[in-house]
Amino acid sequence: MKEEDCLLKFEIQGGEFLDSGESSVVIKDYLKKIGIPHPFIRRVLIATYEAEMNVVAHAERGTLCFMIAEKTVVIRVQDKGPGIPDVDLAMQKGYSTATQEVRQMGFGAGMGLPNMKQNSDTLIINTEVGTGTEVIMEFTL
Amino acid sequence: MTEHSLIIDENKCNGCTICLRACPTQALIVRKGKAKLINDRCIDCGECIRACPEKAIKSKRDNIEIIHDYTYKLLVYSPVILAQFKDFHSYEKVLYLFKHMGFDAMVGVDTGGYIAADIIRGFLKNKQNDQRPYIATNCPAVCRLIQSKYSGLIEHVLPMYSISDIAGEYLKHSFISNNKVNPEDVGLFYISPCPAKLIPTNQEKGCHNIFDGIFSMGDIYNFLMNIMENEDIQFTKQEMITTKFALRWSSFGDVEHKFKDFTTLRIDGIRNVIRFLDRLENGIIEDVDFVDMYACDNGCVGGVFAKEDPHIAEYRIKRIADTFPEKISKKMFPCDVDTCDIKMKFEYNPKIPNKEDMKLAIQTIAEIEALYEKLPKLDCAACGSATCYNFAEDIVLRKDVTIDDCPILKTSAP
Ligand SMILES: Nc1ncnc2c1ncn2[C@@H]1O[C@H](COP(=O)(O)OP(=O)(O)OP(=O)(O)O)[C@@H](O)[C@H]1O
Ligand code: SF4
Ligand SMILES: [Mg+2]
């Protein structure tokens, strides 16, 4: 998976809730243009949105790369941030370290990672505490 | 091929490109100095008719004379027509004039609204119907917009006919069974506020138009004014049975009244509709049960064929509606045919593109984007395409222009 294979690339700023969620929309429009059916697009849209929001909510900043290889859509999100100390725990439905404030804004239900798992065909998380996290999701057409 | 109601008069069109910028779906181009319609993009909303300073864009419609081809003549009118006359308190006169024109029986679209409301309420109450928000099918321009651009929202469309079709179906069935007449002798007609309603909504999917003829409200307005000017008419009292709510819903889309216990929105104006559909498709609209959307500002009172200002028309309809009750007997308008129920299917059969198609599509997008980057991004439409991006698409896909057709690039070239 090379950098130049990215069909679309996005920068994500941590803490920027208002302007967030743009990448999933641009990717959705792209998939629509190349004639991908909607049920598939919806899976990509939901999972990508959650991945982007995790950078916004939990990390400093990150990049999102969208590519298509053969019959697979790949989304890779890399961030600079605190990393995830216990991935198995983070993957549990309802688990969240979100503050009360964030929860009041309608985030922090602890459903992001479970939704990403559910909507993608493979989900790989590489993370290092204190450095950052890489999330790779694959969707098979 | 998709049928459209718009006709461009090449003798009048001077190629000014104003319609290109007015069109919400980029369905117009100017080539060799004349505007042309791109059929699979047009949704018949009629924004171009409003915008054209040369009055070069018209809408097909039927001639009023065709009613005489039938022994029995039935009419569904948009109640918006009642608000087109200064003396709107005497709206009964309009109904009388319809009789005078030769119609044997008539109802307003409000009758369809009255019948549909309870059916939709029942549908929304059923928790299993969870593709919320459900989108009403009352404005055909909105339906066509969803069919052509928002494949992802098809399942949100309420699988039901519009309230004007329901009104028509009710009128025809009740007339035939009450009078024991041969259905073939019965002609069903509609007075439409807009070009969108001049052609069947779901035509690609084989759904036929229930009306035998559709007239423009503007033509009918002229016709009635002529009768009133030139004939000495003895008006007799006409009865109209309706409810406050049904009248308001069917003329300016005031849908909330009857759906207060659901989260219900009315959205009017094509650009507002597009913004909402975008957000809905992006997955950021939650907790809404029912949405009624209209291409025109203020709903059908703002229709292209309406003469009166939409705000004044809305005011008049409200005052007329005030004279009617909130409720009438349930048995008033029995309609048990399928058209009056939630049974229609909006079909959409997605095909997964094969690998080669996909590769080609990706290449094509890259080509378009690369061209777009070279363009001035002014969206001035001087090239004859609505936006710079459309121009780049046209160079690659339609191939009827080249980058040399951009006059801005030409003048700024060293
Ligand atoms: N990119 C990341 N960097 C650091 N921590 C993360 C990252 N992504 C997830 N986490 C941790 O994993 C937890 C669970 O993530 P998940 O997305 O499931 O829930 P959430 O983001 O807290 O809430 P929701 O996604 O429902 O709004 C988070 O609370 C956070 O502690
Ligand atoms: S809002 Fe009413 S008048 Fe306007 S296009 Fe839609 S149906 Fe026609
Ligand atoms: Mg999350």
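Right, let's walk through the structure included here. Just so it is clear, the model here is predicted, and its values are computed rather than measured.

### Notes on the sheet that holds strand 1 (residues 8–13) of chain A
Residue and element names in this part refer to chain A.
Phase 1: Strand order in this open sheet of five strands is 1-2-3-5-4, and the pairing throughout is antiparallel. The outermost strands of the open sheet, each flanked by one partner alone, are strand 1 and strand 4 (122–128). Going across the sheet, the axis of each strand differs from the next one's by a mean of 15°, ignoring polarity.
Phase 2: Strand direction decides the pairing type here: strand 1 and strand 2 (residues 61–69), joined by six bridges, are antiparallel. Pairing of I12 across the sheet is with G62, part of strand 2.
Phase 3: Along the sheet face, helix 1 (residues 22–33) touches strand 1, strand 2 and strand 3 (72–80) and points at about 10° away from the line of strand 2.
Phase 4: Sheet strands touched by helix 2 (residues 38–58): strand 1, strand 2, strand 3 and strand 5 (132–140). Its angle to strand 5, the strand with the most contacts, is close to 180°.

### A few points about the interface of chain A and chain B
Phase 1: Taken residue by residue, the interface counts 17 residues in chain A and 23 residues in chain B.
Phase 2: Both faces considered, chain A and chain B share a buried interface measuring about 1700 Å² in area, 62% of it formed by carbon and sulfur atoms.
Phase 3: Close ionic contact of A:K28 with B:E281 constitutes a salt bridge, the shortest N to O distance being 2.9 Å.
Phase 4: Counting the contacts that link chain A with chain B gives six residue pairs in polar contact (both at pLDDT 80 or more).
Phase 5: Of all the elements in the fold, those that place two or more residues in the side of chain A that touches chain B are helix 1 and helix 2 of chain A.
Phase 6: Counting residues per element, the side of chain A that touches chain B draws most heavily on helix 1 of chain A, which supplies five residues.

### Looking at the site of ligand 1
Residues and elements named next belong to chain A.
Phase 1: Lining the immediate environment of ligand 1, one finds 20 residues, of which H58, S96, T97, G108 and M111 sit closest.
Phase 2: Here an oxygen atom of ligand 1 sits 2.4 Å away from a polar atom, N or O, in the side chain of T97.
Phase 3: Contact between ligand 1 and M111: an oxygen atom at 2.8 Å from a main-chain N or O atom of the residue.
Phase 4: A total of 590 Å² of accessible area belongs to ligand 1 in isolation, and the protein chains cover 92% of it.
Phase 5: Looking at the shell around ligand 1, the elements that each hand over two or more residues are helix 2 and helix 5 (112–119).
Phase 6: In terms of residue class, the shell around ligand 1 is built from nine nonpolar, nine polar and two charged.

What counts as what
- Residues numbered from 1 in each chain as written.
- Chains lettered and ligands numbered in written order.
- Predicted model: local features only at pLDDT ≥ 70, side-chain atom pairs only at ≥ 80, totals over all residues.
- Heavy atoms only, no water.
- Pairing = 2+ DSSP bridges.
- Helix = DSSP H or I, 4+ residues; strand = E, 2+ residues; numbered from the N terminus.
- Axes fitted to C-alpha atoms, helices over the stretch in contact; angles between N-to-C directions.
- Contact = heavy atoms within 4.5 Å.
- Buried area = accessible area lost by both parts, 1.4 Å probe.
- Salt bridge = Lys/Arg side-chain N within 4 Å of Asp/Glu carboxyl O.
- Polar contact = N/O pair within 3.5 Å; in protein donor to acceptor, adjacent residues only side chain to side chain.
- Near = heavy atom within 4 Å.
- Areas by Shrake-Rupley, 256 points an atom, 1.4 Å probe, with all protein chains shown as cover.
- Nonpolar A, V, L, I, M, F, W, Y, C, P; charged D, E, K, R; others polar.

That's the geometry; what it means functionally is another story.
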